[in-house]
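Spelled out, the chains give:
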Amino acid sequence: MAYNHMLQQGGLIKNSESFRFENVPLVSPNGDMLCESMSFDIKSGMHVMITGPNGCGKSSLFRIMG
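Residues numbered from 1 in each chain as written. Predicted model: local features only at pLDDT ≥ 70, side-chain atom pairs only at ≥ 80, totals over all residues. Heavy atoms only, no water.

A.B. asks: Sorry, what's going on with the side chain of Ser60 here?
C.D. replies: Structurally, the position occupied by Ser60 is in helix H1 (residues 58-65). Residue Ser60 is classed as buried on the basis of its relative accessible area of 6%. (Helix = DSSP H or I, 4+ residues; strand = E, 2+ residues; numbered from the N terminus. Buried < 20%, exposed > 50% of the residue type's maximum accessible area, 1.4 Å probe, protein only.)

A.B. asks: Sorry, what's going on with the packing of aromatic side chains here?
C.D. replies: The geometry of an aromatic ring pair is captured by two quantities: the separation of the ring centres and the angle between the planes. Using the criterion set out here, one finds 3 aromatic pairs in the structure. One aromatic cluster is present, formed by Phe19, Phe21 and Phe40 through successive ring pairs. (Phe/Tyr/Trp six-rings, centres within 6.5 Å; stacked < 30°, edge-to-face > 60°.)

A.B. asks: Looking at this structure, I do not really get unusual backbone geometry. What am I missing?
C.D. replies: In most cases, non-glycine residues show a negative phi, while peptide bonds are predominantly trans. Residue Asn23 is not a glycine yet carries a positive backbone phi of 55°. For Asn23, a relative accessible area of 55% translates into the label exposed.

A.B. asks: Teacher, can you tell me more about the pairing of strand S1 (residues 18-27) here?
C.D. replies: A regular strand places its side chains on the two faces of the sheet in alternate fashion. Where S1 meets strand S2 (residues 33-43), 7 bridges bridge the pair, whose relative direction is antiparallel. Bridge assignment links Val27 to a residue of S2, and that residue is Met33. (Pairing = 2+ DSSP bridges.)

A.B. asks: Just checking my understanding: could you explain a nonpolar patch on the surface for this structure?
C.D. replies: Together, Met46, Val48, Ile50 and Phe62 make up a nonpolar patch on the protein surface, roughly 370 Å² of accessible area in all. Mapped onto the fold, Met46 is located in the loop between S2 and H1. By relative accessible area, Met46 is classed as partly exposed at 46%. (Patch = residues over 30% accessible without salt bridge, like charges linked within 9 Å, V, L, I, M, F, W, Y side chains within 5 Å. Areas by Shrake-Rupley, 256 points an atom, 1.4 Å probe, with all protein chains shown as cover. Salt bridge = Lys/Arg side-chain N within 4 Å of Asp/Glu carboxyl O.)

The following block contains the structure:
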């Protein structure tokens, strides 16, 4: 099932000392739903490593973070 409409919904952007996602869908470039609702908070100064097998959504995560 494709979720291309979610790519255009947008969200709220605020200046902050952290990087937070709340209930954000992770969608591949072709519109496939990889994760329906993802939430995390990365505070300033934290070290983070993103790992996983091929095709799990690492690049899609960085694409939507950008």
